[in-house]
Amino acid sequence: MTTILPRRDVVIVGFGWTGAIVAEQLTQEGLDVLALERGHWRDTSTDYAVNNAQDEVRYRYRDELFEDLSRETLTFRNQSNQEALPMRMLGSFLPGTNVGGSGVHWNGQTWRFLPTDFQARSHNEERYGADAIDEELTIQDWGVTYEELEPHYDTFDKLCGIAGQAGNLGGEIQQGGNPFEGPRSSPYPNPPMDMVAAPLRFADAARELGYQPFPGPSANMSRAYTNPLGVSLAPCSYCGFCEKYACGNYSKATAATTILPALMRRENFTLKTGAMVLRVETRGGRATGVTYVTPEGDEFFQPADMVFLCAYITHNVNLLMQSGIGEIYDPRTGEGQVGRNYAYQTMSGANVFYDDDFSVNPFVGAGALGQCIDEFNGDNFDHEGLGFIGGGYIAQWQTNGRPIEHHPVPSDTPTFGLGWKQAVRANYNHTIGIGAHGASHSRRGNHLDLDPTYRDAYGRPLMRLTFDFSRNDIAMSAYLTDRVEEIARAMGGNRVDVSPLKVPYDIKPYQTTHNTGGHIMGDSPDNSVTNKFNQSWDVSNLFLMGAGNFPQNPGYNPTGTVAALAYHSLAEIRRSYLQNPGPLVQA
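Keep in mind the model is a prediction, meaning the values are calculated, not measured.

Conventions used here
- Residues numbered from 1 in each chain as written.
- Predicted model: local features only at pLDDT ≥ 70, side-chain atom pairs only at ≥ 80, totals over all residues.
- Heavy atoms only, no water.
- Buried < 20%, exposed > 50% of the residue type's maximum accessible area, 1.4 Å probe, protein only.
- Helix = DSSP H or I, 4+ residues; strand = E, 2+ residues; numbered from the N terminus.
- Pairing = 2+ DSSP bridges.
- Contact = heavy atoms within 4.5 Å.
- Axes fitted to C-alpha atoms, helices over the stretch in contact; angles between N-to-C directions.
- Parallel < 35°, antiparallel > 145°, perpendicular 65-115°, else oblique.
- Left-handed = near helix turned anticlockwise from the far one by under 90°.
- 1 Å grid on protein atoms, 1.4 Å probe; cavity = no way out; pocket = protein on both sides within 12 Å on 5 of 7 lines; lining within 4 Å.
- Points joined across faces, edges and corners; volume = space filled by probe spheres on them.
- Nonpolar A, V, L, I, M, F, W, Y, C, P; charged D, E, K, R; others polar.
- Salt bridge = Lys/Arg side-chain N within 4 Å of Asp/Glu carboxyl O.

Considering the pairing of strand β4 (residues 74–77)
Because side chains alternate across β4, one face comprises the buried residues L74 and F76, and the other comprises T75 and R77, equally buried. Pairing of β4 with strand β20 (residues 461–466) involves four bridges; the strand directions are parallel. Pairing of F76 across the sheet is with L465, part of β20. Relative to strand β5 (residues 85–86), β4 runs antiparallel, the two sharing two bridges. In the sheet register, F76 faces β5, and the bridge partner there is L85.

Let's talk about the sheet that holds strand β19 (residues 447–455)
The four strands lie next to each other as β5-β4-β20-β19, forming an open sheet whose pairing is mixed. Since the sheet does not close on itself, it has two edges, and those belong to β5 and β19, each with one partner. Where helix α9 (residues 313–323) meets the sheet, its contacts fall on β4, β19 and β20, and the angle it forms with β19 comes to roughly 70 degrees.

Topic: the packing of helix α1 (residues 17–27) against helix α12 (residues 559–577)
If you want to describe how two helices pack, look at the angle between their axes and the distance between the axes. Between α1 and α12, the shortest axis-to-axis distance is 10 Å and the interhelical angle comes to 25 degrees. Overall, the two elements α1 and α12 adopt an arrangement that is roughly parallel. Considering the relative orientation of α1 and α12, their crossing is right-handed. Judged by residue contacts, W17, T18, I21, V22, Q25 and L26 of α1 engage T559, V562, A563, A566, Y567, L570, I573 and R574 from α12.

Examining empty space enclosed by the protein
Evaluation of the coordinates by the stated rule reveals six cavities of 30 Å³ or more. Of the volumes computed, that of the largest cavity is approximately 190 Å³. As for the largest cavity, its lining consists of 19 residues, and the residues nearest its centre are D117, N124, G378, G390 and H441. Per-class residue counts for the lining of the largest cavity are four nonpolar, 13 polar and two charged. Considering the residues around the second largest cavity, the lining is formed by 17 residues, among which E67, T73, L74, T314 and H315 are closest to the centre. Every element with two or more residues in the lining of the second largest cavity is listed here: α9 and β20. Partitioned by chemical class, the residues of the lining of the second largest cavity number 10 nonpolar, four polar and three charged.

Remarks on the sheet that holds strand β15 (residues 346–353)
Ordered by their spatial adjacency, six strands build an open sheet running β8-β16-β17-β18-β15-β21, and the pairing between neighbours is antiparallel. At either margin of the open sheet sits one strand with a lone partner, and together these are β8 (214–215) and β21 (495–499). Taken together, the four bridges between strand β17 (residues 392–397) and strand β18 (residues 431–438) define a ladder with antiparallel strand orientation. Bridged to Y393 within β18 is H437.

Some points on the side chain of H152
Mapped onto the elements, H152 comes out in helix α5 (residues 146–160). What makes H152 buried here is its relative accessible area of 13%. Not counting chain neighbours up to four residues away, the residues in contact with H152 comprise A564, Y567, H568 and A571.

Some words on the side chain of R464
Turning to its location among the elements, R464 is positioned in strand β20. With near-sequence residues (within four places) excluded, R464 lies in contact with T75, R77, A84, H447, L448, D449, L450, D451 and P452.

Some details on the pattern of salt bridges
Summed over the entire model, instances satisfying the criterion amount to 36 salt bridges. Note that K158 is salt-bridged to D154, the shortest N-O span being 2.8 Å. Placement of both K158 and D154 in helix α5 is noted, with a separation of four residues, approximately one turn of the helix. The exposure class of D154 is buried, given its relative accessible area of 10%. For D412, the salt bridge is made with R495, and the minimal N-O distance between the two is 3.2 Å. Of the two residues, D412 sits in the loop between β17 and α10 (417–427) while R495 sits in strand β21, which places them 83 residues apart along the sequence.

A closer look at the environment of N427
By the element assignment, N427 lies in helix α10. Residue N427 is classed as buried on the basis of its relative accessible area, which comes to 10%. Along the chain, N427 and D356 lie 71 residues apart, while their C-alpha atoms are 8.7 Å from each other. Excluding residues that lie within four positions of it along the chain, N427 makes contacts with F353, P408 and P410.

Next comes the structure, spelled out in C-alpha cells:
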C-alpha cells in the first residue's frame with residue numbers, strides 16, 4: 001500500500017552537488033523544497049573530522065563512500081552483440097552515495113570548458129570540413145554557449161573559493177594563467193596553491209619545450225575563505241586524502257562544506273534520507289510527483305509541482321526509463337533519445353623515475369595540487385591532417401602518496417616478493433607521474449538501456465552500459481600520449497615508463513568517475529532529452545541536473561560545468577518559469 005503525502009512545491013531526487021544547489025536557490029524564492037536521498041546523513045563534524053582516521057582499507061577498498069552494489073548496480077558490455085554482465089565490485093568509476101554524493105570524494109579539479117567545446121560539431125565542420133568528423137561519432141552542439149554559462153561558472157567559483165590564476169580576464173590574456181580559457185568576468189577568488197617539487201619540475205620541462213604551464217584550478221583551499229553564503233573554509237593542510245576520501249579539515253569545497261551549513265537552517269527546506277525513489281509519476285504530460293520506498297519497505301507517493309532529478313547520471317537515466325518518460329535509444333535505428341550519447345574519458349600517462357639525488361615527498365599532496373598545460377585540448381591546436389578532433393590537458397597532479405594505493409615502480413619490476421619491495425623502497429620518493437586527461441566523443445554504439453536479464457533489489461531491470469572507445473578517441477589519445485612522453489623525457493629522470501590508453505575499454509581498473517550523457521541537452525526534441533535549461537522536452541515540470549546533460553565529454557573534469565549548467569537552469573526558472581510554468585524553449 002502506498003501512502004500519499006502532503007504536496008510540496010519542489011521535490012529533489014538525490015542530494016549531492018546539484019541537489020544542494022537546486023535547494024539553495026529555490027528556497028531563496030520561498031518555495032517549500034523537499035530533497036530525497038537514498039543514503040545516510042553525513043557531515044564533516046560528525047563523520048569526517050580531523051580525528052577520524054583516513055583508513056585506506058575502509059574508504060578506498062571497502063567503498064565506505066561509494067554506491068552499495070548489493071542493492072543496485074549496472075551490467076556492462078563493450079559491444080551490443082555481447083552479453084552484458086553485472087558489476088559486483090566497483091572498478092572504473094566510483095559513484096558516491098549518502099548526503100553530498102560523489103562530490104564528497106572528488107579531487108577538486110575545477111575547470112571551465114572551452115567556448116568551442118559547446119559547438120563541437122558545427123565548429124569542427126566549419127574549420128575542418130564535415131569529413132573530419134568520423135561517421136561513427138554522434139557528437140552535437142549543446143544548445144548553450146560559453147558566454148551564457150560564464151556568469152554561472154563565476155558563481156560556482158565564488159561559492160567554492162576556487163584557487164587559481166586567471167588566464168583570460170575580459171578577453172585580455174593574463175601572465176601565468178591558462179591562455180586558452182574563455183574570457184572570465186573576474187579572477188579566481190583565491191590565489192593558486194603552493195607548489196611542491198613534482199609540479200614545479202613538470203612546469204620547468206613544459207616551459208623549456210615552449211608550452212605555457214599554469215597552476216591547476218583547485219577547490220582545495222589555498223587560504224581561509226568565506227563564501228557568499230557566509231560559510232567558511234579552512235586552508236588546505238596538503239594531507240593527500242582528497243580523491244576517494246572526505247576532507248576532515250573543511251578545506252575541500254563540497255556541498256557539505258559550502259552550502260549545507262546555510263541551507264539546513266532554512267525552515268522551508270526538508271531533507272529526507274533513506275528514501276529510494278523508484279519512479280517519477282506523470283499524468284497528462286506533467287510530473288505529479290515521485291514514488292519512493294524506505295529501508296523498512298514502506299512505500300510513499302510524494303506529490304510535487306516541480307521534480308528535479310539530481311542523482312548520478314546512470315540513476316537519472318534509469319528513472320526516466322523506469323518511469324516511461326521519453327523513448328529509449330536504439331543504436332540500430334538511431335531512434336529514441338533516452339540513453340543516447342553515453343561518454344567517458346580517455347586517460348593515459350607516464351612515470352618519470354629519478355636517482356636518489358632528486359626527491360619528491362608524495363605524502364605532501366592535495367587533489368588539485370598541480371601544474372597543467374592546455375596546448376593540446378579541444379581545438380587549441382591545428383588538427384589538419386591528424387585524423388581526429390578534440391584533445392585533452394596534460395598535467396602533473398601531486399594528489400597523494402598513500403601507502404597502499406601509491407607505490408610506483410618500473411614496469412619490469414616483479415609483482416611481488418623481495419624484488420618488488422626493493423623497487424618500492426627505491427622509487428617511492430623518486431618518481432613523478434604525469435597524465436593526459438582526454439575527451440570522449442560519443443559514438444553510435446555507446447549507450448544506456450535496461451538489461452533484459454538482471455534486476456535490482458526492488459525488482460527493476462538493471463541499467464545496462466554498452467561502451468568502448470571510438471576510433472577518434474584512440475587516435476586522439478595516442479597523439480596526447482606522445483606529447484606526455486615528450487614532456488616526461490624533458491623532466492630529467494633516468495627512466496620513463498609510458499602508460500597508453502588501454503583498448504578495449506576495461507571496466508575493472510579505476511580510471512575516472514567522469515561518466516556523461518544519457519539524457520543529453522540540445523536544441524530540439526529530435527536530438528536531445530532536455531533543452532538548454534535542463535528541462536525535459538516531454539515533461540515541462542521535470543528538470544534533469546548533472547553530467548547526463550553533456551552531449552559528449554570534453555577534455556576536462558566535469559564538475560565546474562555541471563554546476564554552471566545547474567545555475568543557468570535555475571536562473572531561468574527563477575526569472576521566468578515560476579511566473580509562467582511551462583516549456584522554457586518552444587520546440
